[in-house]
Amino acid sequence: MISVNAPGDPVERMVVASQDGGETAAQAINQLEQKKIWRKKLGLDLPIFYFSLSPFSFPDTLYKIYDKNEREALGRLIHQYGNWKEIEEYYASLNNFYKEQAAFVLDTNEIRFVDRSAILETLNQIRFEALSLKSSYTASVIDLKISNIEKLLSLFPFLSKLQITFSTSKANYNKIKNTSTVWKNYIPKIIFYGYKNQYHRWLFGDGGNYSKGLIHGDFGTSYITKQPVSDVIYSKIGWSLLFSMLSVILAYLISIPVGIKAAAKRGSRFDKTTSAIFFMLYSMPSFWLATLLLMTFANPDMLHLFPASGVKPALGYPESASLFQKIKASIPYIILPLICFTYSSFGFLSRIMRGAMLEVLEQDYIRTAYAKGVPENTVIWKHALRNALLPIITVFANVFPAAIGGSIIIESIFTIPGIGSEAVYAIQNNNYPVIIAALTISGFLTLLGYLISDILYAIVDPRISFKK
Amino acid sequence: MKEEAANMETSIEMKITNDFSFKKYAWSQFRKNKFAFYSFRILLFLIGLAIVSPFIATDQPLYCKYKGVNMFPAFSLATNCEIKNIDGTIEMLQYDIADWKHLAATTIIFAPIPYAPNKTDFENANYVSPAGKQFFLNNEGQSVNIPLKFRHWLGTNKRGEDVLSGLINGTRVSLTIGILSIGIASILGILLGAMAGYFGDHKLQTSRGAFWTFILGILLAYFYAFSVRSYAIVDSFGISSFSILYELIFSLLIFSIILFLFYWIGKLVGQIAFLNKIVTIPVDSIVSRLIEMLLSMPLLILIISLSAITKEKSIVNLIVIIGLISWTAIARLTRAEFLRISKLEYIQAAHAMGFKEFRIIFKHALPNGLAPAFTAIAFGVASAILIESTLSFLGIGVPPTSVTWGSLLNSGWQQFSAWWLVFFPGIALFVTIAVFNILGDGLRDALDPRLKK
């Protein structure tokens, strides 16, 4: 659904990218053929969904017109006049005219006395006008273009053959105007297409011809590189996963002791300062912090401690490097992004840990433990901690998606080759298969986060079990 | 009988207001929280700034007397002014492109910041620092030190656009997007959450006929409101934000009128023999599944993907997208609250008195169930503002012509030596988000009766 509503025609771009914009007739036909092939490969020659809700005046086969502008123009014409039969005739006659003038052969006898370049120029203009007429829908524009073409056709006597064809188009257009049935636009109609549609194909594949379908792990073809999207995603997911995992683990490792200490010494200076810092961190936009860090620590004019972008040395790892050496070489690149990934969930988690601990410390059994003479450290780290951990585990299901969502901006600032930066690049280039794949993967990872938090629940709290 | 009940209702209400007002109590609690109260004042200041920003940061003067003609360019709705010269020729003064700073006017009063956010000052292009040397082309054509009133107090960016003016106008964009989008989200969230919590899975019952008529009504309402008008809506994107808003509101109006019509038709249809069988609608399950579906995607990625498919970039688009997606937190909290309220005795009493369900929900339950939603709304505005600035920072949210905090930050990211482009918009963003977060915390504390001492 996304690719249909989206601006720009992917096939148009893919074909143009593969050629250098040929202008001769042979090349144009070649282009048309290529477009058809790509359309079939991408499944864009199918209806969008299993059914569609449209006005009664619309035909059920409008999706078969492959040029996006022409399809839009036809839709708007139907919207204006509501008589598809006449509009179809008009469109067919225009196509007819366009084909005829493209195949128009100059008879050398007839053009002996005329300047050849002038004729070619006129023919070119006619071609251009006819092409734009096919994708115009406003009455005034159509009238203008029709009169333009007529003027051009009357320039040379031997163009009269074309004039006959064109006069049918004009008559057809007038017929549209005269027999308009606008009321048909206000009657709804549901059209069923069956399972041969883009959505079904995207989900289940088309029997293995071009697409295996999402449920078999096939995300389609990237509009830019023409590679399978799955390859793009699998090659990028490593760094994204590494960063979000590391950051979540790090955030938990720091925030649990800090939150506990703040709660144990409630009202102390440590508690107040950490609370203020957590709150500030929590409200700080990550891209601002990232920019500030880059400005301070990766700026040749200030402190040049860390490299500004990438995840490994610009020339790649040395060939003989062992895994340990590779990690060592990458560490300076990882530190700044990791800070950005970690800090906001760290502030959030510490606040929750502190709150949970405060609640637990007021319970009776803690007072009993103190009364028994259990040392403070044992009370806090043994008796209180387990119960205070529950809320912080609950929010694992929020922290993990936040880390994945945050990757989109931090990865593009630090130019980390992960899914986030790939998604931004895809959005800027209207590369929809990649966008959808990134969305699906991140949704999957989020669900994984929920699962993990559920399992951790059962581990921490023996009262909770999944057995019935 | 009904009148009696209504009388009783009002008398009960009066008693409540006379004895104790939760609103007054909550307000006094809120005022005790120093941080929250300060941030409330900062918020009022920001809203005020956003409202007057077209008059305090603009290159059009507030007042100008030129050749005997009085003009108020910044306030007037007209875009130009015709001035008759002594020799009879007519001079046309186009307000938005006139060179006011070099106009030989008798009196001229500039706005405090005499620059528009997206207009270039060629003399001070290419990252002029706030503390650095700034230039001004005087009427003789010489480049001199800039007069104090024309100074760029917070510097300029690469194109020579004033940063302070961009900041002030960015306030308007940010607050508009934050508040309006969460407005949409709260309407959706409170409605759905209240219905889910109040009715649960078993309490909303209707006749078979009414149910299917209503489903048909939704289809038809969608058809007439959006399918038939799709070209009008698409075209409005090319015109202006107002026309988009107008078309959308018109469509929504059609949508609700048709739904309402079918609601009544359904009541009639539901009395026919076969169609009057009672069916139960599992509202709670439907809403909960919807929330879970939305929650399974990271918010930012979902919004970015959706804003990528819209044909035109516009602020209205962004507002609608953020609004349609971020209602889940509000709905969850409202649902939980309504689950509790629907079991309270006064609701049962209202039932016993024969009040209609919708009256009970909106008049009796809703005022008590709103407290948690307020907290979620405050946090929601903060996150909406953050999302907007993130999108502008990446250059995929708002149209490139509008200057926002995010787009200013983006221009600073490209040039590290221009610290003022990173520092000031960041501070503005940070303060605004912090204000809404503190407000959310304060509201939670003030509105939670369990914390009552």
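Rules of the game
- Here the residue numbering is sequential within each chain, running from 1 through the sequence in written order.
- Chain labels run from A onward and ligand labels from 1 onward, assigned in the order the entries are written.
- Under the rules for a predicted model, residues below a pLDDT of 70 receive no local features and side-chain atom pairs below 80 are neither given nor counted, while totals for whole chains, interfaces and linings still include all residues.
- Water and hydrogen atoms were dropped before computing side-chain values, which therefore reflect all heavy atoms in the structure.
- Where helices and strands are cited, they refer to DSSP runs of H or I of at least four residues and of E of at least two residues respectively, numbered from the N terminus.
- Residues are treated as being in contact if the distance between any of their heavy atoms lies within 4.5 Å.
- Calculation of accessible area relied on Shrake-Rupley with a 1.4 Å probe; when residues are assessed, cover is drawn exclusively from the protein chains displayed.
- By the counting rule applied here, Lys and Arg register as positive and Asp and Glu as negative, while His and the ends of each chain are not counted.
- For charged residues, the charge sits on one atom: NZ in Lys, CZ in Arg, CG in Asp, CD in Glu.
- By convention, the term buried area covers the 1.4 Å-probe accessible surface removed from two parts as they join, with the contributions of both added.
- We define a salt bridge as a contact between a side-chain nitrogen of Lys or Arg and a carboxyl oxygen of Asp or Glu at a distance within 4 Å.
- Pairing of N or O atoms within 3.5 Å defines a polar contact, subject to two protein rules: one partner must be a possible hydrogen donor and the other a possible acceptor, and residues neighboring in sequence count only if both atoms are side-chain atoms.
- Note on residue classes: Ala, Val, Leu, Ile, Met, Phe, Trp, Tyr, Cys and Pro are nonpolar, Asp, Glu, Lys and Arg are charged, and everything else, Gly too, is polar.
- As a per-residue measure, pLDDT tells how confident the predictor is, with possible values from 0 to 100.
- Domain boundaries shown here were taken from an automatic or database domain assignment.
- By nonpolar core is meant a set of buried Ala, Val, Leu, Ile, Met, Phe, Trp, Tyr and Cys residues that side-chain atoms within 4.5 Å join together.
- Categorising residues by exposure relies on relative accessible area from a 1.4 Å probe, with only protein chains included: less than 20% of the type maximum marks a residue as buried, more than 50% marks it as exposed, and the intermediate range marks it as partly exposed.
- A helix is expected to span 1.5 Å for every residue after the first.
- Fitting axes to the seven residues ending at a residue and to the seven starting there, one defines the bend at that residue as the angle between these axes.
- Aromatic pairing here means that ring centres of Phe, Tyr or Trp (its six-membered ring) are within 6.5 Å. Orientation follows from the plane angle: under 30 degrees is stacked, over 60 is edge-to-face, and everything else is tilted.
- A pair of strands is treated as paired once DSSP finds two or more bridges between them.
- Here the axes come from fitting lines to C-alpha atoms, over the contacting stretch only for helices, and the angles between their N-to-C directions go from 0 to 180 degrees.
- Note on patches: the residues involved have over 30% relative accessible area and no salt bridge, like charges join within 9 Å, and the nonpolar side chains Val, Leu, Ile, Met, Phe, Trp and Tyr join within 5 Å.
- For classification purposes, an angle smaller than 35 degrees is called roughly parallel, one larger than 145 roughly antiparallel, one from 65 to 115 roughly perpendicular, and anything else oblique.
- The crossing is said to be left-handed when, going from far helix to near helix, the turn is anticlockwise and less than a right angle, and right-handed when the turn is clockwise.

(A) Here's a closer look at the overall build of chain B. Tallying secondary structure elements over chain B gives 16 helices and nine strands in all. Dimensions of chain B, computed from the C-alpha atoms along their principal axes, are close to 90 × 55 × 45 Å. Excluding contacts between residues fewer than 6 apart, the proportion of contacts in chain B whose partners are at least 24 apart in sequence is 71%. Accessible area for chain B stands at about 23500 Å²; split by element, carbon and sulfur atoms hold 67% of it. Between the mean site of the 38 positive side-chain charges and the mean site of the 29 negative ones, chain B shows a separation of 7 Å.

(B) Examining the overall build of chain A more closely. Check the secondary structure of chain A and you find 18 helices and two strands. Here chain A has roughly 24400 Å² of accessible surface; of this, 62% comes from carbon and sulfur atoms.

(C) Main features of the interface of chain B and chain A. Contacts between the two partners involve 45 residues from chain B, matched on the other side by 49 residues from chain A. Between chain B and chain A, roughly 4200 Å² of surface is buried when both sides are summed, and carbon and sulfur atoms account for 77% of that area. The interface formed by chain B and chain A includes two salt bridges. Across the chain B-chain A interface, the total number found is six residue pairs in polar contact (both at pLDDT 80 or more). If you list the elements that add at least two residues to the side of chain B that touches chain A, you get helix 5 (208–227), helix 6 (230–236), helix 9 (299–309), helix 14 (371–394), helix 15 (405–413) and helix 16 (419–447) of chain B. For the side of chain B that touches chain A, the element with the most residues is helix 16 of chain B, which contributes 13 residues. Each residue belonging to the side of chain B that touches chain A can be placed in one class, and the counts come to 33 nonpolar, eight polar and four charged.

(D) Up close: the confidence of the model for chain B. Mean pLDDT over chain B: 84, with 94% of residues reaching 70 or higher. Mean pLDDT values over the elements of chain B span from 55, in helix 1 (residues 2–19) of chain B, up to 92, in helix 4 (residues 163–199) of chain B.

(E) Examining unusual backbone geometry more closely. With a phi close to 45°, A:Thr415 is a non-glycine residue in the positive phi region. The topology assignment puts A:Thr415 in the loop between helix 16 (396–413) and helix 17 (419–428). The phi angle at B:Tyr127 is positive, at roughly 55°, despite the residue not being glycine. Residue position: B:Tyr127 is located in the loop between strand 5 (107–109) and strand 6 (135–137).

(F) Region of interest: the confidence of the model for chain A. Residue and element names in this part refer to chain A. Taken residue by residue, chain A gives an average pLDDT of 80. The fraction at 70 or more is 90%. For chain A, the element scoring lowest by mean pLDDT is helix 1 (residues 2–5), at 42; helix 14 (residues 364–372) scores highest, at 91. Segment residues 1–7: pLDDT under 50, and 23 contacts once partners within four positions in sequence are set aside and those in other chains are kept.

(G) Region of the structure containing the domain arrangement of chain B. Residues and elements named next belong to chain B. The assigned domain composition of chain B is domain 1 (29–59 + 163–203 + 282–453), domain 2 (60–110) and domain 3 (205–280). Centre-to-centre, using C-alpha coordinates, domain 1 lies 27 Å away from domain 3. Contact residues are listed per partner, giving nine residues for domain 1 and seven residues for domain 3. Summed over both partners, the interface of domain 1 with domain 3 buries about 680 Å², with 68% contributed by carbon and sulfur atoms. At the junction of domain 1 with domain 3, the criterion picks out zero salt bridges. Counting across the interface, domain 1 meets domain 3 through one residue pair in polar contact (both at pLDDT 80 or more).

(H) Representation of the nonpolar core in the model. A:Met353 and A:Phe414 are the most contacted members of the largest nonpolar core, which has 163 residues in total. Here this core gets 14 residues from one element, more than from any other, and that element is helix 4 of chain B. Every residue in contact with A:Met353, bar those within four places of it in the chain, is listed here: A:Ser255, A:Ile256, A:Gly259, A:Ile260, A:Leu385, A:Ala388, A:Leu389 and A:Ile392. In this structure, A:Tyr91, A:Phe97, A:Ile146 and A:Leu153 belong to the second largest nonpolar core, which totals 32 residues.

(I) Structural detail: helix 16 of chain A. Residue and element names in this part refer to chain A. When the terminal C-alpha atoms of helix 16 are compared, their 25 Å separation across 18 residues agrees well with the 26 Å that a helix rising 1.5 Å per residue should span. Of all the bends in helix 16, the greatest measures close to 40° and is centred on serine 407. Of all 18 residues that make up helix 16, 16 are buried, and the element is covered over most of its length. Phi turns positive, to about 45°, at threonine 415, one or two residues after helix 16.

(J) Main features of the packing of aromatic side chains. All names here are of chain B. Inspection of the entire model under this criterion finds 34 aromatic pairs over all chains. Centroid distance phenylalanine 37 to phenylalanine 40: 6.5 Å. Interplanar angle 25°. Geometry classified as stacked. Of this pair, phenylalanine 37 and phenylalanine 40 both sit in helix 3 (residues 34–56), three residues apart, which is roughly one turn of that helix. Consider the rings of phenylalanine 358 and phenylalanine 362, whose centres lie 6.4 Å apart with planes at 20°: the pair is stacked. Of the two residues, phenylalanine 358 and phenylalanine 362 are both situated in helix 13 (residues 357–369); the distance of four residues between them amounts to about one turn of the helix.

(K) Main features of helix 17 of chain A. All names here are of chain A. Taking burial as the measure, the 10 residues of helix 17 include eight buried ones, the bulk of the element. Those residues of helix 17 that fall on the buried side of the exposure criterion are Ile419, Gly420, Ser421, Glu422, Ala423, Val424, Ala426 and Ile427. Downstream of helix 17 by a residue or two, asparagine 430 has a phi angle that is positive, lying close to 55°.

(L) Looking closely at the pairing of strand 1 (residues 63–66) of chain B. Residues and elements named next belong to chain B. Where strand 1 lies against strand 5, three bridges are found, and the strand directions are antiparallel. By the bridge assignment for strand 5, cysteine 64 is matched with isoleucine 108. Bridge count for strand 1 against strand 2 (residues 69–71) is three bridges, and the pairing is antiparallel. Each residue of the ladder has a partner; that of tyrosine 66, found in strand 2, is valine 69. The loop that links strand 1 with its antiparallel partner strand 2 comprises two residues; one of these, lysine 67, has a positive phi angle of about 50°.

(M) Layout of the side chain of B:Ser342. By the secondary structure assignment, B:Ser342 is in the loop between helix 11 (328–341) and helix 12 (345–352). Those residues in contact with B:Ser342 that lie beyond four places of it in its chain are B:Gly197, B:Tyr198, B:Lys203 and B:Ile347.

(N) Representation of the sheet that holds strand 5 of chain B within the structure. All names here are of chain B. Reading across the sheet, the three strands line up as 2-1-5 and stay open at both edges, with antiparallel pairing between neighbours. Looking at strand neighbours, the two that pair on one side only are strand 2 and strand 5, the edges of this open sheet. Strand-to-strand twist across the sheet, computed as the mean angle between neighbouring axes with direction ignored, equals 15°.

(O) Focus on a nonpolar patch on the surface. Residues and elements named next belong to chain B. Taken together, the side chains of Ile187, Leu191, Trp212, Phe214, Ile215, Ile218, Phe260, Tyr263, Trp264, Phe358 and Phe362 define a hydrophobic patch exposed on the protein surface, amounting to about 1100 Å² of accessible area. If you tally residues by element for the nonpolar patch, the top one is helix 5, at four residues. Note that leucine 191 resides in helix 4.

(P) Just the domain arrangement of chain A, in detail. When cut into domains, chain A gives domain 1 (2–204) and domain 2 (229–460). Placing a centre on the C-alpha atoms of domain 1 of chain A and another on those of domain 2 of chain A gives a separation of 54 Å.

(Q) Expanded view of the environment of A:Gly43. If you trace the backbone, A:Gly43 turns up in the loop between helix 3 (25–42) and strand 1 (51–55). With sequence-adjacent residues up to four places away left out, A:Gly43 is seen in contact with A:Gln198 and A:Arg201.

(R) Broad picture of the packing of helix 6 (residues 116–134) of chain A against helix 7 (residues 139–153) of chain A. Residues and elements named next belong to chain A. The interhelical angle for the contact between helix 6 and helix 7, taken along N-to-C directions, is 160°, at an axis separation of 10 Å. Comparing the axis directions of helix 6 and helix 7 gives the class roughly antiparallel. The element helix 6 and its partner helix 7 pack so that their crossing is left-handed. Each of Thr122, Gln125, Ile126, Glu129, Ala130, Ser132 and Leu133 in helix 6 lies in contact with helix 7, whose residues at this interface are Ile142, Lys145, Ile146, Asn148, Ile149, Leu152 and Leu153.

(S) Representation of the pairing of strand 4 (residues 90–94) of chain B. All names here are of chain B. As defined by bridge partners, strand 3 (residues 80–84) adjoins strand 4 across five bridges and the pair is classed as antiparallel. Looking at the pairing, asparagine 80 lines up with glutamine 94 of strand 4. Connecting the antiparallel pair strand 3 and strand 4 is a turn made up of five residues, with glycine 88 showing a positive phi of about 95°.

(T) Structural context of the pattern of salt bridges. Applying the stated criterion to the full structure yields 19 salt bridges over all chains. Where A:Glu150 meets A:Lys170, a salt bridge forms, and the shortest distance between an N and an O atom there is 3.3 Å. Taken together, the positions of A:Glu150 in helix 7 and A:Lys170 in helix 8 (residues 160–178) put the pair 20 residues apart, joining distant regions of the chain. Classification of A:Lys170 by relative accessible area gives partly exposed; the value is 30%. In the salt-bridge network here, residues are joined through shared partners; they are A:Glu72, A:Arg76 and B:Asp235.

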